Amino acid sequence: SQQGEEDPQALSIQEGENATMNCSYKTSINNLQWYRQNSGRGLVHLILIRSNEREKHSGRLRVTLDTSKKSSSLLITASRAADTASYFCATAYTSGTYKYIFGTGTRLKVLA
Amino acid sequence: DGGITQSPKYLFRKEGQNVTLSCEQNLNHDAMYWYRQDPGQGLRLIYYSQIVNDFQKGDIAEGYSVSREKKESFPLTVTSAQKNPTAFYLCASRMTGGAGGTEAFFGQGTRLTVV
């Protein structure tokens, strides 16, 4: 069963604008991660935020985590055409063993 | 270069055949994972292994089998019992330990098509 759900499913913006994607999950987690996937390729890790952290930055990326609402958001500032990709959140939790559960993704299109 | 390699990139299977997808990593990671991705969908966990000679079923293990005889290798066999095997298959590995968890490293995927 998939735990993470991203919102929106698709997003189209102009170059230079900011893009915000949201992720909701269902149970307690160790951490939450965001990944990027270009069409037909593997996933690339972007950022990891631990359950005791509330906000994290990496370059043009800003991630927030609200464990009380079981939600996270990924903000990409000053978007570029090269940011066009699908973005997935993955929740990591331990129930005997450590597993990742991926959401269905947000398809971002940045128009030049 | 350290990384995780999947082969082949494209694979075609006839009805009733078993096929094996290769996944090799030289990152010295203990844990390895297999996911299936259908068009426009997220990733679903097929099998995972935390350590050599041990593996567990994920959410959609039926029709698949794996082995973990070496730390570097985690091959996935798609058997004839898998009725709808056409999909994009992704292998991942991660380093175990580390407070708060670690990220997964992914291969470039194998696209399997039934002909």
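Before any of the text, the structure's been laid out above.
Residues numbered from 1 in each chain as written. Chains lettered and ligands numbered in written order. Predicted model: local features only at pLDDT ≥ 70, side-chain atom pairs only at ≥ 80, totals over all residues. Heavy atoms only, no water.

A.B. asks: Describe in detail the state of the cysteines, supporting the description with residues and values.
C.D. replies: All names here are of chain B. Applying the stated criterion to the full structure yields two disulfides over all chains. In this model Cys23 forms its disulfide with Cys91; the gap between the sulfur atoms is 1.9 Å. As the torsion about the S-S bond is roughly -80°, the Cys23-Cys91 disulfide counts as left-handed. Linking Cys23 in strand S3 (residues 19–25) with Cys91 in strand S9 (residues 87–94), this pair joins segments that are 68 residues apart in sequence. The buried category is assigned to Cys23, whose relative accessible area is 0%. Residue Cys91 is classed as buried on the basis of its relative accessible area of 0%. (Disulfide = S-S within 2.5 Å. Helix = DSSP H or I, 4+ residues; strand = E, 2+ residues; numbered from the N terminus. Buried < 20%, exposed > 50% of the residue type's maximum accessible area, 1.4 Å probe, protein only.)

A.B. asks: A description of the layout of surface pockets should follow, citing residues and the corresponding values.
C.D. replies: Estimated volume of the largest pocket: approximately 410 Å³. Lining the largest pocket are 23 residues, with Gln37(A), Gly40(A), Ser86(A), Gln37(B) and Gly40(B) positioned closest to its centre. Breaking the lining of the largest pocket down by element, the ones donating at least two residues are strand S9 (85–95) and strand S11 (106–111) of chain A together with S9 and strand S11 (110–114) of chain B. Looking at the lining of the largest pocket residue by residue, the class counts come to seven nonpolar, 13 polar and three charged. (1 Å grid on protein atoms, 1.4 Å probe; cavity = no way out; pocket = protein on both sides within 12 Å on 5 of 7 lines; lining within 4 Å. Points joined across faces, edges and corners; volume = space filled by probe spheres on them. Nonpolar A, V, L, I, M, F, W, Y, C, P; charged D, E, K, R; others polar.)

A.B. asks: Explain the interface of chain B and chain A residue by residue, including any values.
C.D. replies: Each partner contributes residues to the interface: chain B has 26 residues there, and chain A has 24 residues. Summed over both sides, the interface between chain B and chain A buries roughly 2,000 Å², with carbon and sulfur atoms accounting for 50% of that surface. Counting the contacts that link chain B with chain A gives zero salt bridges. Here chain B and chain A share seven residue pairs in polar contact (both at pLDDT 80 or more) between them. Where the side of chain B that touches chain A is concerned, the elements lending two or more residues are strand S4 (31–37), strand S5 (43–51) and S9 of chain B. Considering each element in turn, the side of chain B that touches chain A owes the most residues, five residues, to S5(B). (Contact = heavy atoms within 4.5 Å. Buried area = accessible area lost by both parts, 1.4 Å probe. Salt bridge = Lys/Arg side-chain N within 4 Å of Asp/Glu carboxyl O. Polar contact = N/O pair within 3.5 Å; in protein donor to acceptor, adjacent residues only side chain to side chain.)

A.B. asks: Explain the pattern of salt bridges to me, using residue names and the numbers behind them.
C.D. replies: Residue and element names in this part refer to chain B. Under the definition given, this model contains seven salt bridges over all chains. Where Asp38 meets Arg36, a salt bridge forms, and the shortest distance between an N and an O atom there is 3.0 Å. Across the pair, exposure class does not vary: Asp38 and Arg36 are buried alike.

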